Every structure is written in C-alpha cells, then in structure tokens.
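What follows is the residue order along each chain.
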Amino acid sequence: MSDIEKGVNLMSTGEVEKLSSEVYARQLDKADELANFRERFFIPPGNIYMDGNSLGLLSRDAEETLLKMLAEWKQLGIDGWTKGTPPWFSLSEELSNNLAPLVGAEPEEVIITGSTTSNLHNLMAGFYRPTRERFKILADELNFPSDKYALESQLRLRGLDSEQGLVLVSSGDGRTISEDDIIAAMIDEVAVAVLPSVLYRSGQLLDLKRLTKAAHERGILIGFDLSHSAGAVPHKLHDWNVDFAFWCTYKYLNGGPGSVAGLFVHRRHFECLPGLAGWWGYHKDKQFDLALEFVPAAGAGAWQIGSPHLLSVAPLMGSLNIFEEAGIKRLRAKSLALTSYLIDLIDTELSQAPYNYRVGTPRESERRGGHVALEHEEAVRINAALKQRGVIPDFRPPNVIRLAPVPLYVTFHDVWLLVQHLKGIIDNKEYEAFPRERDTVA
Ligand SMILES: *Cc1c(COP(=O)(O)O)cnc(C)c1O
C-alpha cells in the first residue's frame, strides 16, 4: 500500500474534518510520487480535466513523436518505411514491447492495429465458429453498445439473428453485472463470450480471471473489451489464459482522438487464422515478396489488415514511454487513492439533502476501474454547469456524470475543487439555467 492510500484509509476511519479540508488535499499531492508527470501534459487552460476516460490528454512526449513522424515524412518520403527511427514498416511490432506489460501479455501476443470495433469484428470473424450445438454469443446488456451492434452483425453474417444467437446477461440494478449471473448464462450452446473489463458507465471492474476460468471449464472461448481498463488497471491476460482482447488507445492511453487500437491473441491461438486477413498480417520477412499465398505473421501481428495509420500511431510512441516510466502498478495505486478520496468526499459532503448525489461505482477497490459514476436526477444539467465552471466530466444517460481522476495528470487538489464545484452548483441552483437536453457529444 502506498503512503497516499494509507493516508486516505486513515482519513476514511473517522477524521472527517481533516478529510474535507483543502490542506489535506495539498498534503496528499505532496506525498504523491507521480506528481511530476502532470507537467508533461497539456491541461486545457483553466480546466479541471475529469474526462480522461473518454479522451486522454496530449502529452509533450506524444506531441514530440507525432512531430518526429511528420519530419521523417518530409525528409525521407517513401524511405521512411525503412529508414525512419524506428522504421515505419515494423513500428507497430516495435510498440508491442511497450504495450505488452500494460495488459500482462508477451510482446508477440499484442499489436497496435485497427479500431476497437473493427478489431472486435476481426477477432469474432476468426474465433466465432458456430456449430449446430454451439452457436451462441454471450454478452451483457451494460457493455458499450458498439460491441453489441458488432456481435449482432457477426450473427447476421452467419445467418442467425440475435433472438436465436445472442445470450444477453442483464443487470440487477442497472449499474453492475454479477459474475455469478454471467457464469450462469454460460450455457452449452454458447461458443464465445465477449465482455467488458470495466463497464463504461458505472466503472465496475469484472473479475476477468474468474470469468475466463469458468468459460474454459464450459468449453467457451472468452474475449474482453479493455477500452476502460487499458492504461488504468493492470491485467494478466496471458497468465489468466484469456483467449483474445481488444481496446482503444485514446482513453487512458492518451494516444489522441481516434488513435489506433490494440488487440491481444493468446499464444495458444497463434495457429488461428485472422478473421479478416490482409497483406499487413503477412509474415514480416516475406511481406514484400508479394506472393499470392497468405503466410501469416507468427503472433498477434497476423491480425493486422492493411497499412497502419501511422499518424495515429505516432503519438502512442511517446505516450507509451510515459507508461513505462510511471509503471502500471504505481498508476493503479494512485488511481485507487484518487477515486477512494473522491468517493469518501461525496459520501461525507454531498450525499445528504440538499445535494443528494449518489455513487454508482462499486466501493471495493478490486471491483472498480479508473472512474467514478456520480448519479443525480439532474445529472444532465449539473454536467453542463460543471463545464461552465471549467470542470470537464461527461454525461451518460440517464443520470450519470462520469468523473475520471486520471493519475498521470489529475491532482488530489483537483478532486477537492471538483467537490466544491458540485456543492456550489446545488447551493446556487446553477443547474437550473441549463436545458434538460444534452449535446451530441456528451
Ligand atoms: C470507447 C469504447 C469503444 C469505442 O469503439 P471505437 O471503435 O474505438 O469507436 C468500444 N467499446 C468500449 C467498451 C468502449 O469503451
């Protein structure tokens, strides 16, 4: 346990006065060994940025590697593919070394390619092999809808509809999904299960190890969408025997809007052909032989389709260096300290009338990702009022304000200030000035 966590634990055992004081927030920042990373990020001027779970901020490191890529294009033209540093041709494979430790994989098991949703399609095209007995896909009703759309279209491609082919685990409380319910839904007809690691709305972290074991005991393949945990929560995908995984890199990994995504294929599936093959998945040494017969790369690299979107890969070079320096374990420890602090402040300062805020995120640290779901009847309007005050959260219907105190660039004092803003907005009835409808990109 880090000093910060100890501090927060001490405070949650009764010293309410001190917990709520600004001085205490400052003390936590002083004791924070990751505090210096903040200086490497561009914080939008005047903002308290709590939306790193939707779009992570730009770092100087990522800016530098993007500009370097542009300079190489300027100076080298086509030769950048072989003479860039590193050569563009093998840049994605190069990045696997930095990416693998974040998800607990071997470098050959991960690759930067595609988008979250297109990677899900590709993986399902390869791993979903329906038979007469086993033809169903298991998912849950709280996952980000894009995943469900993709799974339904995968069913349609095989001549099935969701009625016949989709087992959708429902939530008891609208916030969380119980692992017991998921395991109970692992019936004989299920071929593949696809679940999120962290639920995008409530921030619940599922027990990937337990679910993987249960799936395998029932002859089911299992894959996870790590969009809300990659860069926030350590994983051990290889050791847990997860079959496949995919995630975006523009949330906690700070790769930039629409940055190229990640995917994982467990080593024991290296003989499984990519669902949607293309020349960029070819064995690297022979790719430019341009032979007619497909020879897949030995590893996750085989699942690449076409030329990598290098201008959206380049920022990741800088960003992943930051993760290597900071270390995912230390980031997780600070993230938990920040979210515990926020939850404690909400409970003690904001849960009673007239405030009536509720925490919708599990309180146990092993069941929580990197953000806190704050619930309120007036969430849309409070969200708008927060933005006017320079606090950047995001709103998810029907009543959730998501707050991500990202450990690389959010301070304990930011969290303290956020709580003062949440209070002030109710004290002054500020939210009443805003409409009940939300913007297109909430
Ligand atoms: C952010 C997110 C996505 C986004 O998909 P893209 O293809 O990157 O647009 C998908 N799934 C989950 C769970 C997400 O959180």
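Above this text sits the structure in question.
Note that the structure is predicted; figures quoted are calculated from it, not measured. (Residues numbered from 1 in each chain as written. Predicted model: local features only at pLDDT ≥ 70, side-chain atom pairs only at ≥ 80, totals over all residues. Heavy atoms only, no water.)

J.: Can you tell me about the layout of surface pockets, naming the residues and giving the values?
T.: To find leftover empty space, one rolls a probe the size of a water molecule over the atoms. Taken as a whole, the largest pocket holds about 340 Å³ of empty space. Lining the largest pocket are 22 residues, with Phe144, His228, Cys248, Tyr250 and Lys251 sitting closest to its centre. Residues of the lining of the largest pocket, tallied by class, amount to seven nonpolar, ten polar and five charged. Summarising the domain contributions, the lining of the largest pocket has at least three residues from each of domain 1 (3-58 + 327-433) and domain 2 (86-325). (1 Å grid on protein atoms, 1.4 Å probe; cavity = no way out; pocket = protein on both sides within 12 Å on 5 of 7 lines; lining within 4 Å. Points joined across faces, edges and corners; volume = space filled by probe spheres on them. Nonpolar A, V, L, I, M, F, W, Y, C, P; charged D, E, K, R; others polar. Domains from an automatic or database assignment.)

J.: Tell me what's going on with the side chain of Asn122, and back it up with residues and numbers.
T.: Relative to the assigned elements, Asn122 resides in helix α7 (residues 116-127). Those residues within four positions of Asn122 in sequence are excluded, and the remaining contacts are Pro274, Gly275, Leu276, Trp303 and Ile305. (Helix = DSSP H or I, 4+ residues; strand = E, 2+ residues; numbered from the N terminus. Contact = heavy atoms within 4.5 Å.)

J.: If you had to explain the site of the ligand to someone new, which residues and values would you point to?
T.: Around the ligand, the neighbouring residues are Ser115, Thr116, Thr117, Asn143, Phe144, Asp147, Asp225, Ser227, His228, Tyr250 and Lys251. A distance of 2.7 Å separates an oxygen atom of the ligand from a polar side-chain atom of Thr116. Thr117 has a polar side-chain atom sitting 2.6 Å from an oxygen atom of the ligand. Coverage of the ligand by the protein chains reaches 84% of its 390 Å² of free accessible surface. Because more than half of its atoms lie within 2 Å of the grid, the ligand is assigned to the largest pocket. (Near = heavy atom within 4 Å. Polar contact = N/O pair within 3.5 Å; in protein donor to acceptor, adjacent residues only side chain to side chain. Areas by Shrake-Rupley, 256 points an atom, 1.4 Å probe, with all protein chains shown as cover. Sits in = over half its atoms within 2 Å of the grid points.)

J.: Lay out the environment of Ile48 with the relevant residues and their values.
T.: Structurally, Ile48 is set in strand β1 (residues 48-49). For Ile48, a relative accessible area of 9% gives the class buried. Once the C-alpha coordinates of Ile48 and Asn241 are considered, the two residues, 193 residues apart in sequence, prove to be 39 Å apart. The contacts of Ile48, once residues within four sequence positions are left out, are Gly390, Val391, Ile392, Asp414, Leu417 and His421. (Buried < 20%, exposed > 50% of the residue type's maximum accessible area, 1.4 Å probe, protein only.)

J.: Which residues make up the pairing of strand β13 (residues 400-403), and what values go with them?
T.: Remark: a regular strand shows side chains that alternate across the two faces of the sheet. Covered by surrounding structure in β13 are Val400 and Arg402 together with Ile401 and Leu403, the residues of both alternating faces. Here strand β10 (residues 372-375) runs beside β13; their pairing, made up of four bridges, is antiparallel. Looking across to β13, one finds that Ala373 is bridged to Arg402. Where strand β12 (residues 394-396) and β13 come together, three bridges link them in antiparallel fashion. Bridge pairing in β13 places Asp394 opposite Arg402. The antiparallel hairpin formed by β12 and β13 contains three residues in its connecting segment. (Pairing = 2+ DSSP bridges.)

J.: Tell me what's going on with the sheet that holds β12, and back it up with residues and numbers.
T.: Taken together, four strands build an open sheet; the order of strands is β9-β10-β13-β12 and the sheet is antiparallel. Of all the strands in the sheet, the pair left with one neighbour each is β9 (358-359) and β12. The strands touched by helix α13 (residues 328-350) are β9, β10 and β13; relative to β10, the strand with the most contacts, the crossing angle is about 15°. Along the sheet, helix α14 (residues 379-388) contacts β12 and β13; its crossing angle with β13, the most-contacted strand, is approximately 40°. (Axes fitted to C-alpha atoms, helices over the stretch in contact; angles between N-to-C directions.)

J.: Describe the nonpolar core, listing the residues and the values that go with them.
T.: Grouped together as the largest cluster of nonpolar side chains are 106 residues, with contacts concentrated most on Met186, Trp247, Tyr341 and Leu408. A per-element tally of this core places α13 first, with ten residues. Three or more residues apiece are contributed to this core by two domains, here domain 1 (3-58 + 327-433) and domain 2 (86-325). (Core = buried A, V, L, I, M, F, W, Y, C linked by side-chain atoms within 4.5 Å.)

J.: Tell me about the sheet that holds strand β5 (residues 190-196), residues and numbers included.
T.: An order of β2-β8-β7-β6-β5-β3-β4 is seen for the seven strands of this open sheet, with the pairing classed as mixed. Taken across any chain shown, the strands that pair with only one partner, and hence form the sheet edges, are β2 (110-112) and β4 (166-169). Ignoring which end each strand starts from, the neighbouring axes of this sheet average 15° apart. Judged from the three bridges that link them, β2 and strand β8 (residues 262-265) form a sheet pairing that is antiparallel. Among the inter-strand pairings, Val110 is bridged to a residue of β8, identified as Phe264. Across the sheet, helix α8 (residues 145-157) lies against β3 (136-140), β4, β5, β6 (221-225) and β7 (244-247), angled at about 160° from β4, the strand it touches most. Where helix α11 (residues 208-217) meets the sheet, its contacts fall on β5 and β6, and the angle it forms with β6 comes to roughly 155°.

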